[in-house]
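These are the residues of each chain, in order.
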Amino acid sequence: MEIERKFLPDMDRLPFRPEDYPCRRIEQGYLCTEPVVRIRRDNDEYFLTYKSKGLMVREEYNLPLTRSAYAHLIAKADGRIISKRRYVVPLEHGLCLELDIFEGDLAPLVIAEIEFPDENTARTYEPPEWLKEDVTYSPEYHNSALSKK
């Protein structure tokens, strides 16, 4: 189960420098968007992911792929291939912020995601002011929707 909230951060007010945290290079494409079937390269790891419908809470299943299987499948992806840099920044209470800085024609889009251990924690989370707009319930900020624009 994936329980996450998404925000549009104010990059001028970040209390940290993204470059000071580990960066992962992510490339992903979608074989299907309803239901979501995604293929992803995350640095040197490759996955096929199924995600159920939903906005804040969704089922998610990840299956490992080989590099060659990924190369075969990425050629079959619909829409744009998304490239982004992901910085993982620890927050209070054991939470982590994943700051996705999109590249290519999606730049300068930046989305911050926080995954939560349960729905109550997600619902009651009070974001800092630099996470200026909560887009959790805006489906257009799902990567599957971004792949279609």
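Now for a description of the structure that goes with this document. (Residues numbered from 1 in each chain as written. Predicted model: local features only at pLDDT ≥ 70, side-chain atom pairs only at ≥ 80, totals over all residues. Heavy atoms only, no water.)

Turning our attention to the nonpolar core. Phe16, Leu97, Leu99, Ile114, Phe116 and Leu131 are the most contacted members of the largest nonpolar core, which has 19 residues in total. Mapped by element, the contributors of at least two residues to this core are β1 (2–9), β7 (78–90), β8 (96–102) and β9 (110–115). Once residues within four sequence positions are removed from consideration, Ile114 is found in contact with Ile3, Glu4, Arg5, Phe7, Leu91, Leu95, Cys96, Leu97, Tyr125 and Leu131. Judged by nonpolar contacts, the second largest core, of 11 residues, contains Ile82, Leu106, Val135 and Leu146. (Core = buried A, V, L, I, M, F, W, Y, C linked by side-chain atoms within 4.5 Å. Buried < 20%, exposed > 50% of the residue type's maximum accessible area, 1.4 Å probe, protein only. Helix = DSSP H or I, 4+ residues; strand = E, 2+ residues; numbered from the N terminus. Contact = heavy atoms within 4.5 Å.)

One can find Pro22 in the loop between β1 and β2 (23–33). Here the alpha-carbon distance between Pro22 and Ile114, two residues 92 residues apart in the chain, equals 16 Å. What Pro22 contacts, discounting residues up to four positions off in sequence, is Arg86, Tyr87 and Val88.

All right, on to the pairing of β2 then. Strand direction decides the pairing type here: β2 and β7, joined by 7 bridges, are antiparallel. Within the sheet, the bridge partner assigned to Tyr30 lies in β7 and is Asp78. In the sheet, β2 pairs with strand β3 (residues 36–42) via 7 bridges, with the strands oriented antiparallel. In the sheet register, Gly29 faces β3, and the bridge partner there is Ile39. (Pairing = 2+ DSSP bridges.)

For the structure on display, the rule yields 18 salt bridges. Among the salt bridges present, the one from Lys51 reaches Glu2, with a minimum N-O distance of 3.4 Å. Of this pair, Lys51 sits in strand β4 (residues 45–51) while Glu2 sits in strand β1, and the two are 49 residues apart along the sequence. Grouping residues by exposure puts Lys51 and Glu2 together as buried. Here Asp100 ties to Arg86 by a salt bridge, and the two come within 2.7 Å at their closest N and O atoms. Remark: Arg86 occurs in strand β7 and Asp100 occurs in strand β8; sequence separation between them is 14 residues. Taking relative accessible area as the criterion, Asp100 reaches 0% and is therefore assigned buried. Look at Arg86 and you get buried, because its relative accessible area is 4%. (Salt bridge = Lys/Arg side-chain N within 4 Å of Asp/Glu carboxyl O.)

The subject of this paragraph is the packing of aromatic side chains. Remark: the centre distance and the inter-plane angle together describe each pair of aromatic rings, the angle taken between the planes. Within this structure, the stated rule accounts for 5 aromatic pairs. Their ring planes at 80° and their centres at 5.6 Å tell us that Phe16 and Trp130 sit as a pair that is edge-to-face. With a gap of 114 residues between them, Phe16 in the loop between β1 and β2 and Trp130 in the loop between α2 (119–124) and β10 (131–134) connect regions that are remote in the sequence. For the residue pair Phe16 and Trp130, the accessibility class agrees, reading buried in each case. For the ring pair Tyr50 and Tyr61, a centre distance of 6.1 Å and an interplane angle of 25° mean the geometry is stacked. Within this pair, whereas Tyr50 is found in strand β4, its partner Tyr61 is found in strand β6 (residues 60–65), the two being separated by 11 residues in sequence. Judged by its relative accessible area of 32%, Tyr50 falls in the partly exposed class. The class for Tyr61 is partly exposed, based on a relative accessible area of 45%. Taken together, Phe16, Tyr21 and Trp130 form an aromatic cluster joined through their ring pairs. (Phe/Tyr/Trp six-rings, centres within 6.5 Å; stacked < 30°, edge-to-face > 60°.)

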